[in-house]
Amino acid sequence: MPAIGITGGISTGKSTFCDCLREIVPAAKFFDADLAARSLAELPEVKQEILGEFGGGVFSPDGDLNRAKLRAIVFADAAKRRALEQILHPRIRRQWMAQAERHRDSPDFFFADIPLLYETGGETWCERVVVVGCSRSVQLDRLAKRISLKDSEAEQMINSQMALEEKIKRADHVVWNNGDRATLMEQAKSLVALWQEQSWKKS
């Protein structure tokens, strides 16, 4: 099975969609870019690069990264956001490309859940790309609840990414997630059935 990229906007429901896929195809392999970023930020050499770029203010006295402080800085300053992306994204890309390569000849699905897939040009490594979308009002509401943000801060975070409309234009498949999980699950089932049929025809 080829690599299938999963992307969308912040708080549009990518993780929930991947959970649905895990239920439908339990043998599938997944790469989660957000989890990879969290793990990378714990590595001494990455911490050192973050310290050099952002200073000691984003670390606790014990040397732990203060993710909330770092997030506030990068979403308020595009240059700082790009600097953090340059520290993390080449490493994230190497990880997921290595995993995709290992699964290239596997009969199992390989899904790469990468929020900034289009922003980093990662779609060129995917056979198919699914964009998980929802309305702006639902997205704002979910994001503000998820990390206790003011509406203006949530808007700022959403606006820092490529417009969802642009991602939808580029997508091979669009999953709309304005409703409940059951509705999302039905869409996931339809896509898996389609991919399995296409794979069977190819073989």
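Predicted model only: the values in this text are computed from it and were never measured.

Thresholds applied
Residues numbered from 1 in each chain as written. Predicted model: local features only at pLDDT ≥ 70, side-chain atom pairs only at ≥ 80, totals over all residues. Heavy atoms only, no water. Buried < 20%, exposed > 50% of the residue type's maximum accessible area, 1.4 Å probe, protein only. Helix = DSSP H or I, 4+ residues; strand = E, 2+ residues; numbered from the N terminus. Pairing = 2+ DSSP bridges. Disulfide = S-S within 2.5 Å. Core = buried A, V, L, I, M, F, W, Y, C linked by side-chain atoms within 4.5 Å. Contact = heavy atoms within 4.5 Å. Salt bridge = Lys/Arg side-chain N within 4 Å of Asp/Glu carboxyl O. Polar contact = N/O pair within 3.5 Å; in protein donor to acceptor, adjacent residues only side chain to side chain. Arc of directions from axis to C-beta.

A.B. asks: For the pairing of strand E1 (residues 3–8), give the residues involved together with the corresponding values.
C.D. replies: Two faces belong to every sheet, and in a regular strand the side chains alternate between them. E1 sits mainly inside the fold: six of its six residues count as buried. With burial as the criterion, each face of E1 is covered, one bearing Ala 3, Gly 5 and Thr 7 and the other bearing Ile 4, Ile 6 and Gly 8. Here E1 runs beside strand E4 (residues 128–133); their pairing, made up of five bridges, is parallel. From the neighbouring strand, Gly 5 faces E4, where its bridge partner is Val 129.

A.B. asks: Describe the state of the cysteines, naming the residues involved and giving the relevant values.
C.D. replies: Taken as a whole, this structure holds zero disulfides when the rule is applied. Cysteine Cys 18 shares no disulfide, and the gap to the nearest cysteine sulfur, in Cys 20, comes to 9.1 Å. The thiol of Cys 134 is not disulfide-bonded; the next cysteine sulfur, from Cys 20, is found 15 Å away. For Cys 134, a relative accessible area of 3% gives the class buried.

A.B. asks: Account for the nonpolar core, naming residues and giving values.
C.D. replies: The biggest cluster of nonpolar side chains holds 39 residues, and the ones touching the most others in it are Phe 31, Ile 50, Leu 88, Ile 92 and Trp 96. Contributing elements (two or more residues each) for this core: helix H2 (33–40), helix H3 (44–54), helix H4 (67–76), helix H5 (78–102), strand E3 (110–113), E4, helix H6 (136–147) and helix H7 (151–159). Top contributing element to this core by residue count: H5, with six residues. Not counting residues up to four positions away in its chain, the partners in contact with Leu 88 are Ala 37, Leu 40 and Val 46. By size, the runner-up hydrophobic cluster in this structure holds 20 residues, among which are Ile 4, Leu 21, Phe 109 and Phe 111.

A.B. asks: So what about the pattern of salt bridges? Which residues, and what values?
C.D. replies: Scanning the entire structure with this criterion turns up 13 salt bridges. One salt bridge in this structure joins Lys 189 and Glu 186, with 3.8 Å as the shortest N-O distance. Of this pair, Lys 189 and Glu 186 both sit in helix H9 (residues 181–202), three residues apart, roughly one helical turn. For Glu 186, a relative accessible area of 46% gives the class partly exposed.

A.B. asks: Mind laying out the side chain of Gln 161, listing which residues take part and the relevant values?
C.D. replies: Within the secondary structure layout, Gln 161 lies in the loop between H7 and helix H8 (164–170). Polar side-chain contacts of Gln 161 include one of 3.2 Å to the backbone nitrogen of Ile 10. Setting aside residues up to four positions removed in sequence, Gln 161 forms contacts with Gly 8, Gly 9, Ile 10, Leu 116, Glu 119 and Lys 167.

A.B. asks: Lay out H7 in plain terms, naming residues and giving numbers.
C.D. replies: For H7, the complete set of buried residues consists of Ala 154, Met 157 and Ile 158. Angular distribution of buried residues about the axis of H7 spans 100 degrees; they occupy a single face of the element. H7 presents Ser 152 and Asn 159 as exposed residues on the side facing more than 90 degrees away from its buried surface. In the core, the buried residues of H7 are packed alongside H4 and H6.

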